[in-house]
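# A look at the structure
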Amino acid sequence: MNRALIPIEKILSFLFFLFIIISLDPYFIWFYNTSFYLRVFLYVFILINSAYYLHFHLKWKVGRGDVLIFISYIVLIIYAWFPRELGGHLSFAMLFTGIFLIMPIKVKMLVWEYFIRFHIVFISIGFLSYLSILFGLQDPVSYLSLDSGRGYFIFLFTTFIDHADITFSTEVGIFSRFMGYLNEPGFLGVINALIIIASRFELSKANLILFITGIFTISLGFYFLIIIGSFLTFYNQKKEFFVRNFIILFAFIGALFFFKDSEIINNLLISRLDISDTGISGYRRGDGGNIVNLWLSSDLLGFLFGVGGTEGPSSFYLNLIQLGVIGVVFIVLILLLIPVQMKIKRYPWVFLFLLFLTSFLKPGVFYINYLIIIYYATYTLNQDNFTKKYEYK
């Protein structure tokens, strides 16, 4: 490969990395009314660099699998917009996710490297800041109230949600569920858990950081994904790795029960596991039964294509009511096609199954911040299929 063309790949990868970060809606872009302008400039640069890369570098020679996944994604976008006009659910930004999907694997993995380094560094620094807050060594830098009505205490490299059930004063300082640079602790917990599972529970410094910070999110999603994912993943591992990881998992579950009498753990975690006629108390994603009944009681058009911009809970049910059965089938097919696109020997069934479970907590599993983890999960399962460290040759 002509080394003169290497920078454009790195630039393009970095632009897609920035796209992922903005898609995660980090707190440091909330302060100024610049989010819209940042997105516009970023989209323009991605479009220009992608066109240059595809034309001058790849000569428009793109794999059939890449074309298929790209077309499928664009069809999903068009389907969501017309005639249902779900601009709030699938925004114009999804077009650039489609462009990302058509890029070669080495570009995608460079994007992953940029992202995971950023994520680890920011949550590490944020966690140190978080500990200083717990011990009363730091006061909020500012307070921010978003248009959604949710308020945030802004600290150095992390934030606390202004909600009595999540953030409260202690004898020493202020306690809250850790959320790092993201907009809620459950979101960080799910992202951390999926990355750990994608890496097949590799014992690394990065995973240790993800695991510790994930615990402090006190996210049911994190705990459930780690426990279920560990059993499903360990089943296929060699005996010595199974025993080692099982001990770690057992110690993790044991620690939860040991601290169950703690007022903080009981209020923020144990009490959320109470089961009643309305379901698990900690599952705050709306009444899925009513949503499904609304969808089922709609006409044939609504059943197949959804009932449009109707508000719904932040869960899988939102996709169902807005996109209908055909839209959900499209999403599932796209997620299933991504590993096939990479021409692999081993399919990441466990990861995709857990990702589908995640959709009951976060409906946007087809957004770029989740898709990049699918590529990483597939890559780690099939490393022998790809050039080591995505070298340019």
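This section reports on the structure supplied with the text.

Criteria and cut-off values
- Residues numbered from 1 in each chain as written.
- Predicted model: local features only at pLDDT ≥ 70, side-chain atom pairs only at ≥ 80, totals over all residues.
- Heavy atoms only, no water.
- Helix = DSSP H or I, 4+ residues; strand = E, 2+ residues; numbered from the N terminus.
- Polar contact = N/O pair within 3.5 Å; in protein donor to acceptor, adjacent residues only side chain to side chain.
- Contact = heavy atoms within 4.5 Å.
- Buried < 20%, exposed > 50% of the residue type's maximum accessible area, 1.4 Å probe, protein only.
- Pairing = 2+ DSSP bridges.
- Axes fitted to C-alpha atoms, helices over the stretch in contact; angles between N-to-C directions.

The subject of this paragraph is the side chain of Asn 382. Tracing the backbone through its elements, the reader meets Asn 382 in the segment after helix H15 (368–381). A polar contact of 2.7 Å, which involves the side chain of Asn 382, links it to the backbone nitrogen of Arg 346. Leaving out residues up to four positions away in the same chain, Asn 382 has contacts with Ile 344, Lys 345 and Arg 346.

Glancing now at the pairing of strand E2 (residues 151–155). For E2, a buried count of 4 out of 5 residues is recorded, marking the element as mostly surrounded by other parts of the structure. Sheet topology places strand E1 (residues 142–145) next to E2; 4 bridges connect them, and they run antiparallel. When the sheet's bridge partners are listed, Tyr 143 is paired in E2 with Phe 153. Between E1 and the antiparallel strand that follows it, E2, lie 5 residues; Gly 149 among them carries a positive phi value of about 95°. As judged from the 4 bridges shared by E2 and strand E3 (residues 158–161), these two strands associate in the antiparallel manner. Of the residues in E3, the one forming a bridge with Phe 155 is Thr 158. Between E2 and E3, which pair antiparallel one after the other, the connecting turn spans 2 residues, and Phe 157 there sits at a positive phi close to 70°.

Let us look at the sheet that holds E1. Across a sheet, strands are paired by hydrogen bonds formed along the backbone, either parallel or antiparallel in direction. Read across the open sheet, the 3 strands follow the order E1-E2-E3; overall the sheet is antiparallel. Looking at which strands have only one partner, the edges of the open sheet turn out to be E1 and E3. The mean angle between the axes of side-by-side strands here comes to 30°, regardless of whether they run parallel or antiparallel. Its contacts with the sheet place helix H5 (residues 105–134) against E2 and E3, and it is angled at close to 55° to E3.

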